[in-house]
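Analysis of the macromolecular model
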Amino acid sequence: MSGLLRRLLLLVPTVLGVLTLVFFLVHLIPGDPVELMLGETASRADLSKLRADLGLDRPLGEQYARFLGGLARGDLGRSFFYRKPVLAVIGGALPATALLAAAAMAVALLVALPIGVLAAVRRDRLTDRLAMIGSLLGVSMPNFWLGPMLIILFSFRLGWLPVSGREGAASLVLPALTLGTSLAAILARMTRASMLDVLGEDYLRTARAKGVGPLPVIARHALRNALMPVVTIVGLQFGALLSGAVITENVFAWPGVGTLLVQAITARDYPLVQGCVLVIALCYVAVNFLTDTLYALIDPRVRT
Amino acid sequence: MMRPGLGRLFAMTLLLPGALLGAACSGNSPADPGTLVVGLEANPTNLDPRLATGAAAVRILPLLFNSLLHLDPAGLPVPELARSWEMPSPTSYVFRLRRGVRFHDGRELTSADVRYTYDWMRDPRNSSPNQGALAVVEAVETPDPETVRFVLREPFASFPQNLTLGIVPAHLGDTEEFAEAPVGSGPFRWEEWRPGERLVVRAFDGSWEGRPRLDRVVFRIVANETTRLLEARRGRIDLLWNNIPPYAVSFLREARELAVTTRPGITYQYLGFNLRDDILRDPRVRRAIAHAVDRDRIVRALYLGLARPAATLLAPENWAHAGDVATFPHDPALARRLLDDSGFPVRPDGTRFSLSYKTSTDRQGIEMADLVAEDLAAVGIRVERRSFEWGTFYGDIKAGNFQLYSLRWVGITDPDQLHYIFHSTSVPPAGANRGHYANPEVDRLLESSRRESDPAARRDGLVAAQRLIAADCVYVSLWYPDDIYSVARRFEGFEPYPGGQYTSLKQVRAREAGR
């Protein structure tokens, strides 16, 4: 348990490090939020007045200290552009991104695991070849291309699904497929490789010799041991799904955190940028922490 | 004992798409005849007319809020909440308000609300983006509930253009909820707002203009151009305006349910010079560049012909447009001669000099920069195209950190913009004279036009100023792209406003039966 605790404590400097980096990086980007807010007609006095109101006239070090102080109180500040608390703005977008990421992950797992296992069991046969060609295609298609292609086929030609937006379960299908495809391809390859390693092990021969049927051998004995590397990838990729959904969100007009972050950067909305990055970083480390914990459940040897 | 672990997995794999598709079919409900869906390319960030800056919000606000005046389709201010207005002196405007105008919550709109709205924007504590434009106001007075008097610090002929901002109810304007659930007196009232996703407004039964014919207007935010166009083709977006690229016109016209219209627009596209630059301060060099650019070729290639040539900021529809200014037709030979004369002969490497050309990451802007660079290369000017993300690009332009750049002026109806863009005191941040142009005669003409109350005399001054600006070649005037809009044929009555506002939705209605 102390191992988990240590990992938990390590999360704090990780998140702080990310936030510090982002804080200084966003302030380094050229462009002035105050000028963007007040528009071109603002006088010099108005500009410096607003700059002072927002605390942007202070030395960067002091602004950073204030930011950390606010963070300690759970206050991420107010968005310059929405003129609302950052947490409220992000709170509006987070469920959409979480839903999309979860759906994409579900699509990826449900497609990848069976295909990966099947490809390993039927190694070098037609099924395997097809599965591997398919997964190569899957990783090769970028989201900004795959998304519109799926729209043209399923929404435009066939008329089965909505083009974009967030109305009902139907509108989740294409974005989840788009976001989940490359992940499914990676996971399928990973599962296949991992299964091939395990399938050659002695204990499986023993299990078969004891009269265990082929399906239970695969499901209970082989797959469980083959899942370790797959879980690692799933953990790493889930964080990437949360932050990497930007393009998919854009193609499908899906109002999530990725879209919000891009908007915030364009508007030089520093508090909102920091808030979005904080949320993404927290999700990332939380998922990875869960992955580590999951190892312990799958493989008793990891419990330290 | 066989446990169907793997089998279950396979079954789920097959079932998932099926289940999702099943859900899909239930989601496609037929369009509600009284609801019109508008496709927006950007998210309106703030729906408070005192604070809104982005084009998306500014174009929607006239549906939710009334203003003292509004700009008609020709861009001229006409009374809205004001019944009438008069100018007892050059520095005073008196407005009589309509009676019986009610906010969406039922309260009556009075002069106190008008004063509250304008005083709030003038108060530096509120950092309103309109504060600068209202700096000319000395006081807002309300002698009685139906009368508002604006006292100006100095005469300002274009002042009525500033009175098109929405009036906010004094009893709600300071509440925290106001920006999210705005209450105005406009023909539609706020119903739902999911930022980044959709804004829904519903017909206001108590509107003094009469209830709109539409029941609801849904503004859907679809940032991706391809997605937006596909949604329109599929009939899920009824109105696209301000955001249809020329290449998409024929694509949308393939859909019989859509009426796609193109008409002359007033957006002004130009190439800006830095007049403090050692090379570009010579007007002969600027004229040479203007003669080198082949506008026809670029309009054909980029706009598929959907633009008309421009020679001055104000489009021909504007009452102050100058029709007889200097133009610079495509003439590479003349351009070369001008460059030779101004001391920039061709060097052994085949070029005369290099210029950097800044543009944003907008695709059309980049393509245009490349075409201009080809034209300039033909006369010996090497152009280095540099494209930046919008905030960086805009910051550089305002800071005067450029040699050449291209941008556009959108929805210019007020000729006083000439002062804002070309007067020598309008250097940023005071105005948008980013190239640091200074011509005392132009300054004098623009100043006197502000004080001139006789429209004919004012027009003469503005026309003379435009002639000088064109002759000095402060900008290379390029073209006015056409307005393109697409409306579902089941609706009628849509009329485009020059500023891009969706104002005419209050008179749009569904056609009777047969779609």
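Residues numbered from 1 in each chain as written. Chains lettered and ligands numbered in written order. Predicted model: local features only at pLDDT ≥ 70, side-chain atom pairs only at ≥ 80, totals over all residues.

1. Side note on the overall build of chain A
We apply this condition: Runs of E in the DSSP output that reach at least two residues are strands. Runs of H or I that reach at least four are helices, and both are numbered from the N terminus. Neighbour density around each residue's C-beta defines its exposure: 20 or more other C-beta atoms within 10 Å make it buried, 12 or fewer make it exposed, and counts between make it partly exposed, where C-beta atoms are placed from the backbone. Here, residues touch in the contact sense if the C-beta positions derived from the backbone fall within 7 Å of one another.
What chain A contains, in helices and strands, is 13 helices and zero strands. Reading the helices (α) and strands (β) of chain A from amino to carboxyl end gives α-α-α-α-α-α-α-α-α-α-α-α-α. C-alpha atoms of chain A, sized along the principal axes, occupy 85 × 55 × 30 Å. Within the span of chain A, comprising 304 residues, buried residues form 42% of the whole. The long-range fraction of contacts in chain A, counting pairs at least 24 apart against all pairs at least 6 apart in sequence, stands at 73%.

2. Describing the overall build of chain B
A tally of regular secondary structure across chain B gives 13 helices and 21 strands. For chain B, the spread of C-alpha atoms along the principal axes amounts to about 90 × 80 × 45 Å. Across the 515 residues in chain B, those meeting the buried criterion constitute 45%. Counting only contacts in chain B whose residues sit at least 6 apart along the sequence, the fraction spanning at least 24 positions is 67%.

3. A look at the confidence of the model for chain B
Where we set the bar: The predictor reports its confidence for every residue as pLDDT, a score running from 0 up to 100.
Across chain B, the average pLDDT comes to 88, with 93% of residues at 70 or higher. As scored by the predictor, the complex reaches a pTM of 0.83 and an ipTM of 0.77.

4. Some details on the sheet that holds strand 13 (residues 268-273) of chain B
Residue and element names in this part refer to chain B. Under the convention used in this document: Any two strands with at least two DSSP-identified bridges between them are counted as paired. The convention used is that axes are lines fitted to C-alpha atoms, helices contributing only their stretch in contact, and that angles between N-to-C directions extend from 0 to 180 degrees.
Pairing is mixed in the open sheet, where six strands are placed in the order 14-18-13-17-15-16. One side of each edge strand has no neighbouring strand; the edge strands of this open sheet are strand 14 (307-309) and strand 16 (381-388). Strand-to-strand twist across the sheet, computed as the mean angle between neighbouring axes with direction ignored, equals 30°. One ladder, built from two bridges, connects strand 15 (residues 353-360) with strand 17 (residues 404-409); its direction is parallel.

5. Digging into the packing of helix 7 (residues 143-157) of chain A against helix 4 (residues 225-233) of chain B
Cut-off, in case you're wondering: Orientation is classified from the angle alone, with under 35 degrees giving roughly parallel, over 145 giving roughly antiparallel, 65 to 115 giving roughly perpendicular, and any other angle giving oblique. For this classification, the nonpolar set comprises Ala, Val, Leu, Ile, Met, Phe, Trp, Tyr, Cys and Pro, the charged set comprises Asp, Glu, Lys and Arg, and every other residue, Gly included, is treated as polar.
Axis separation between helix 7 of chain A and helix 4 of chain B bottoms out at 11 Å; the angle between their running directions is 10°. Judged by the angle between their axes, helix 7 of chain A and helix 4 of chain B are roughly parallel. Where helix 7 of chain A abuts helix 4 of chain B, its residues A:Pro148, A:Ile151, A:Ser155 and A:Phe156 lie against B:Thr226, B:Thr227 and B:Leu230. Taken together, the residues that form the contact of helix 7 of chain A with helix 4 of chain B break down as four nonpolar, three polar and no charged.

6. What to know about the nonpolar core
All names here are of chain A. Put simply, the rule is: As used here, a nonpolar core is made of buried Ala, Val, Leu, Ile, Met, Phe, Trp, Tyr and Cys residues. They are joined through C-beta atoms within 7 Å.
The biggest cluster of nonpolar side chains holds 209 residues, and the ones touching the most others in it are Ala104, Ala108 and Cys276. Ranked by the residues each element gives to this core, the list is headed by helix 5 (residues 86-121), at 22 residues. Ignoring sequence-local partners within four residues, the contact set of Cys276 consists of Ile90, Val257, Leu260, Leu261 and Ala264.

7. What about helix 10 (residues 390-398) of chain B?
How we decide: The arc under discussion is defined with respect to the helix axis, by the directions toward the C-beta atoms.
Of the positions making up helix 10 of chain B, those classed as buried are B:Gly391, B:Phe393, B:Tyr394 and B:Ile397. Looking straight down helix 10 of chain B, one finds that the buried residues subtend no more than 165° of arc, so they occupy a single side.

8. Comments concerning the pairing of strand 19 (residues 483-488) of chain B
Residue and element names in this part refer to chain B. When you tally the buried positions in strand 19, you get five out of six residues, the bulk of the element. As judged from the three bridges shared by strand 11 (residues 239-241) and strand 19, these two strands associate in the antiparallel manner. Paired with Leu239 across the strands is Val487, a residue of strand 19. Pairing analysis gives six bridges linking strand 12 (residues 258-263) to strand 19, with the strands arranged antiparallel. Looking at strand 19, one finds that Val260 is bridged to Ser486.

9. Observations concerning helix 4 (residues 60-72) of chain A
Which entries qualify depends on this criterion: One less than the number of residues in a helix, times 1.5 Å, gives the span that helix is expected to have.
Compared with the 18 Å implied by 1.5 Å per residue over 13 residues, the 18 Å span of helix 4 of chain A between its first and last C-alpha is a close match. Looking one or two residues beyond helix 4 of chain A, the residue adopting positive phi is A:Gly74, at roughly 80°.

10. Structural notes on unusual backbone geometry
Residue and element names in this part refer to chain A. Look at Asp124: it is not a glycine, yet its phi comes out positive at around 65°. One can find Asp124 in the loop between helix 5 and helix 6 (126-140). Exposure remark for Asp124: the 8 C-beta atoms within 10 Å place this residue in the exposed category. Here Ala253, not a glycine, exhibits a phi torsion of approximately 50°, which is positive. Relative to the helices and strands, Ala253 is located in the loop between helix 11 (246-251) and helix 12 (257-266).

11. What to know about the pairing of strand 18 (residues 475-481) of chain B
Residue and element names in this part refer to chain B. For strand 18, the buried fraction is high: seven of the seven residues fall into the buried class. In terms of strand pairing, strand 13 meets strand 18 through four bridges, oriented antiparallel. Following the sheet pairing, Leu271 is matched in strand 18 by Val476. Here three bridges tie strand 14 to strand 18, and the two strands are oriented antiparallel to one another.

12. A few points about the environment of B:Leu314
Residue and element names in this part refer to chain B. Locating Leu314 in the fold gives a position in the loop between strand 14 and helix 8 (332-341). On the basis of neighbour counts, which here come to 25 C-beta atoms within 10 Å, the residue Leu314 falls in the buried class. Measuring from C-alpha to C-alpha, the distance between Leu314 and Thr361 comes to 26 Å, with 47 residues separating the pair along the chain. Among all residues touching Leu314, those that are not within four sequence positions of it are Ala320, His321, Ile412, Pro415 and Gln466.

13. Focus on the environment of A:Arg83
Secondary-structure assignment places A:Arg83 in the loop between helix 4 and helix 5. Taking the C-beta count within 10 Å as the criterion, A:Arg83 has 16 such neighbours and is therefore assigned partly exposed. Residues within four places of A:Arg83 in sequence aside, it is in contact with A:Arg78, B:Asn46, B:Leu51 and B:Ala179.

14. Regarding the packing of helix 7 (residues 295-303) of chain B against helix 9 (residues 363-377) of chain B
All names here are of chain B. Rule in force here: Left-handed describes a crossing whose near helix is turned anticlockwise from the far helix through less than a right angle; right-handed describes the clockwise counterpart.
With their axes 11 Å apart at the nearest point, helix 7 and helix 9 run at an angle of 150° to one another. When the axes of helix 7 and helix 9 are compared, the crossing they make is right-handed. Together, Ile298, Ala301 and Leu302 of helix 7 and Gln364, Glu367, Met368 and Leu371 of helix 9 make up the contact between the two elements. Its residues assigned to classes, the contact of helix 7 with helix 9 shows five nonpolar, one polar and one charged.

15. Topic: the sheet that holds strand 9 (residues 198-203) of chain B
Residue and element names in this part refer to chain B. Spatially, 8-9-10-1-11-19-12 is the arrangement adopted by the seven strands of the open sheet, whose pairing is mixed. Each of the sheet's edge strands pairs with one partner strand only, and the pair in question is strand 8 (188-194) and strand 12. Averaged over neighbouring strand pairs, the angle between their axes works out to 20° when direction is ignored. Seen against the sheet, helix 4 touches strand 1 (35-40), strand 11, strand 12 and strand 19 and runs at an angle of roughly 160° to strand 1.

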